[in-house]
Amino acid sequence: MISAEKKASLLGRIESLKQIPTIPAVLGPLLRYLEQPVEDLDVQKVTDMIAQDKSLAAQCLQMSNSALFGNWQKIESLRGAVVALGFQRVADIAMSCGVLRLTPTECSGIDPVVFWEHSLGCALVCRQFARKISCVDPGKAYLAGLLHDLGIIANLWALPQEFGAAFELARRERIPLHEAEQETLGFNHCDSGRLLADRWELSPELREVVSSHHSSEEPKEHAGLVAVVELSDLLCRMTRLNYGFIEAREVSLLEQRGFAVLARECKSLATFDWARLTFELDSYMDEVHALVRAIYR
Amino acid sequence: MNSAAATSSALSGVGPPDPALIRIRDLIYQVAGIFHPDTKLRLLQDRCGRRMKELATQSLQEYFEFLTVRPQRQAELIALLNEITIGETCFFRNMPQLDALRQIVIPKVLEARAKLPLRRLRIWSAGCSTGEEPYTLSILALEEATRLLKDWTVEVLATDLNERSLAHAKNAVYGSYSTRNLTPYYRQKYFSLAGDQLQVQPHVRANVNFSRLNLSDDAKMIFMKSIDVVLCCNVLIYFDLSSKRRVIQHFYNNLLPHGYLLLGHSESLYGVSDEFRLVHLPGATAYVKGERPQSGKQVP
């Protein structure tokens, strides 16, 4: 059992962390610009905003040519990507490329490639799940899935050794990472994530996702979005889109807190085909591996 | 641009999948419960291609019509399902499922059975074909005989409709295709050389009871009692919905209250049963006998 002083000291290190990178500067204005009604958006302006960051623009173009984003034609330019894929899709891609730079080059325990494969996989499952149940916005679900484990990034920067020990415990015992963190740090990556999300001034719904996706209590707001992330994250952890180890336990998605939340809000959940959503994960696997590895090369 | 785009386009093929192929994928899932993710679409296309060659059909759209509106559609569907599942049978076919069985399912079953006086575990390979699956289960039980299953008796029931398959199974001699997944450890410990083939050793065979059984035979199905785990892989796909429901109902009744039903890779009970509860195990899914009545979560 970890002492209260120790826990406070570890959290203090996250709060006072100075060296953590932030998401690329162009992404904040871009995401705010894309919140406007779609008829007010200008293709050239979106293209110009992304093009300010050369490396981000190049990675966006790579990802735009992936079948994961529904494209089957070769896209040669950033403008072409915006036209072919649409504003929301390009924003998703820009965000994915942007966040992949956030992990330290030397990570304790967790492999950053595997970590981002889990996050990107979770984003894709969230989007697919949201589309199927039609009561959560798929674009928001994608972003929430991509960023849900922000707390792990905070832990990697602020507490590399302590987090490394927690990760090792989870891997060795094949237990959920947040439980191992709770045991060794006295808190989990939701608590760390809340501190980082506040500092980055993320939207209220993203803050809720980052800080509540493992909470035993139901979030007061944005509970549907948090539930989509909670269930998609669990599904990924029980399949090949995990953190590099697979939890040795039996899980019933229907018994999760998130299921109860969504069952109230989404009528379609009563007849939802969970098996098919699970099998569809296989469709993403190779592409997710290829993309993340290409960006990390 | 670096290799990402090239890699992804190589993975995805040169263009979008033929819409008729997607319709065939959905048809197979709807009638047989087997799902082909995007990464397996090319395999599905190859299997359709073999049938199309036989029928001298040029397009997938026309072949889709063979499966849905032509007079022999039922027979064609079975022919395609045969192509899809051909060559599936081998020792240690679905490793994530077998690992989950060993690490999660059996310990949970033993825990539930601890309350019962008889220390006996009954695993049923329903539709065992030529015997690779039940012998694999017997090997797993022997591997755990001094640990997890110490002081337990394990009985593997293996049934199939086809007499020739059962004769092959009882003979227990296998060629290189069936034994391709065997590690040197298993080869050495549980098999003997029989010419250029491998024969399952007697102590593995001793745990397995083969018998002929038609899963649609209600009168015989009721005699399969006190089962802990049913494995029924790529068998239900050949049944129509009402027969499938009847078989699943039998499995439900045959299983003890803590029992598990394990299906083939990417096979689902969606729309077939709301009594079994889908659970996720490490890298696999399974169905657990739920308490009835359940509030209609699975059947639309």
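Residues numbered from 1 in each chain as written. Chains lettered and ligands numbered in written order. Predicted model: local features only at pLDDT ≥ 70, side-chain atom pairs only at ≥ 80, totals over all residues.

Draft legend 1. Inspection of the domain arrangement of chain A at higher detail. All names here are of chain A. Domain assignment breaks chain A into domain 1 (4–20 + 104–296) and domain 2 (22–101). One C-alpha centre belongs to domain 1, the other to domain 2, and the line joining them spans 24 Å. With 14 residues of domain 1 in contact, the opposing surface of domain 2 contributes 15 residues. Listed by contribution, the elements that provide at least two residues to the side of domain 1 that touches domain 2 are helix 7 (112–133), helix 8 (138–147) and helix 16 (274–296). Residue composition of the side of domain 1 that touches domain 2, by class: twelve nonpolar, one polar and one charged. (Domains from an automatic or database assignment. Contact = placed C-beta atoms within 7 Å. Helix = DSSP H or I, 4+ residues; strand = E, 2+ residues; numbered from the N terminus. Nonpolar A, V, L, I, M, F, W, Y, C, P; charged D, E, K, R; others polar.)

Draft legend 2. Spatial organisation of the domain arrangement of chain B. Residue and element names in this part refer to chain B. We note that the domain assignment places domain 1 (15–85) and domain 2 (95–289) within chain B. Distance between the C-alpha centres of domain 1 and domain 2: 29 Å. Per element, the largest residue contribution to the side of domain 1 that touches domain 2 is three residues, and it comes from helix 5 (residues 73–85). Class assignment of the residues belonging to the side of domain 1 that touches domain 2 gives a composition of five nonpolar, two polar and no charged.

Draft legend 3. Spotlight on helix 11 (residues 177–185) of chain A. Residues and elements named next belong to chain A. Along helix 11, the positions that sit buried rather than exposed are Leu 177, His 178, Ala 180, Glu 181, Thr 184 and Leu 185. Taken around the axis of helix 11, the buried residues stretch over an arc of 155°, which confines them to a single face. On its buried side, helix 11 packs onto helix 1 (4–15), helix 10 (160–173) and helix 12 (189–199). Positioned one or two residues after helix 11, Gly 186 has a phi angle of 90°, which is positive. (Buried ≥ 20, exposed ≤ 12 C-beta atoms within 10 Å, placed from the backbone. Arc of directions from axis to C-beta.)

Draft legend 4. Examining the packing of helix 2 (residues 19–32) of chain B against helix 4 (residues 60–68) of chain B more closely. Residue and element names in this part refer to chain B. Running from N to C, helix 2 and helix 4 cross one another at 25°; their axes reach a closest spacing of 8 Å. By the angle class used here, helix 2 and helix 4 are roughly parallel. Here helix 2 and helix 4 pass one another in a crossing that is left-handed. The residues of helix 4 that touch helix 2, namely those facing Ala 20, Leu 21, Arg 23, Ile 24 and Leu 27, are Leu 60, Gln 61, Phe 64, Leu 67 and Thr 68. Residue classes in the contact of helix 2 with helix 4 are distributed as seven nonpolar, two polar and one charged. (Axes fitted to C-alpha atoms, helices over the stretch in contact; angles between N-to-C directions. Parallel < 35°, antiparallel > 145°, perpendicular 65-115°, else oblique. Left-handed = near helix turned anticlockwise from the far one by under 90°.)

Draft legend 5. A look at unusual backbone geometry. Phi is positive for Arg174(A), which is not a glycine, with a value near 55°. You can see Arg174(A) is positioned in the loop between helix 10 and helix 11. Judged by the 13 C-beta atoms lying within 10 Å of it, Arg174(A) falls in the partly exposed class. Despite not being glycine, Phe92(B) shows a phi value in the positive range, around 50°.

Draft legend 6. Structural view of helix 6 (residues 95–113) of chain B. Residues and elements named next belong to chain B. Taking 1.5 Å as the rise per residue, helix 6 with 19 residues should run 27 Å; its terminal C-alpha atoms sit 25 Å apart, in good agreement. If you look at helix 6, its biggest bend is around 45°, right at Leu 101. Among all positions of helix 6, only Gln 97, Leu 98, Ala 100, Leu 101, Ile 104, Val 105, Ile 106 and Val 109 are buried. As for helix 6, its buried residues are in contact with strand 1 (120–126), helix 7 (132–143), strand 7 (227–232), strand 8 (255–263), strand 9 (276–281) and strand 10 (284–289). (Expected span 1.5 Å × (residues − 1). Bend = angle between axes of the 7 residues up to and from the residue.)

Draft legend 7. Local environment of the sheet that holds strand 5 (residues 197–200) of chain B. All names here are of chain B. With antiparallel pairing, the three strands of this open sheet are ordered in space as 3-5-4. Every other strand in the sheet has two partners, leaving strand 3 (173–174) and strand 4 (191–194) as the edge strands with one partner each. Relative to strand 5, strand 3 runs antiparallel, the two being bridged by two bridges. Pairing of Val 173 across the sheet is with Gln 199, part of strand 5. (Pairing = 2+ DSSP bridges.)

Draft legend 8. Geometry of the pairing of strand 7 of chain B. Residue and element names in this part refer to chain B. Most of strand 7 sits out of view: six of its six residues are buried. Relative to strand 7, strand 1 runs parallel, the two being bridged by three bridges. Each bridged residue has a counterpart across the sheet, and for Ile 123 the counterpart in strand 7 is Val 229. Where strand 7 and strand 8 come together, five bridges link them in parallel fashion. Residue Cys 232 lies in a different strand from strand 8, and its bridge partner there is Leu 263. Read as a crossover between parallel neighbours, the route from strand 7 over helix 12 (residues 241–254) to strand 8 is right-handed. (Right-handed = clockwise from strand over helix to strand, strands pointing away.)

Draft legend 9. Summary view of the nonpolar core. Formed by 178 residues in total, the largest nonpolar core has its most connected members in Cys60(A), Ala94(A), Cys126(A), Val228(A), Val230(B) and Leu261(B). Counting residues per element, this core draws most heavily on helix 7 of chain A, which supplies eleven residues. Setting aside its immediate chain neighbours within four residues, Leu261(B) contacts Val230(B), Cys232(B), Phe251(B), Phe276(B), Ala286(B) and Tyr287(B). (Core = buried A, V, L, I, M, F, W, Y, C linked by C-beta atoms within 7 Å.)

Draft legend 10. Examining the sheet that holds strand 6 (residues 208–212) of chain B more closely. Residues and elements named next belong to chain B. Across the sheet, seven strands lie side by side as 6-2-1-7-8-10-9; this open sheet has mixed pairing. Of all the strands in the sheet, just strand 6 and strand 9 have a single pairing partner and so form its edges. When the angles between neighbouring strand axes are averaged without regard to direction, this sheet yields 25°. Judged from the six bridges that link them, strand 9 and strand 10 form a sheet pairing that is antiparallel. Counted as the bridge partner of Leu 281 is Ala 284 from strand 10. Across the face of the sheet, helix 6 comes into contact with strand 1, strand 7, strand 8, strand 9 and strand 10 while running at roughly 175° to strand 8.

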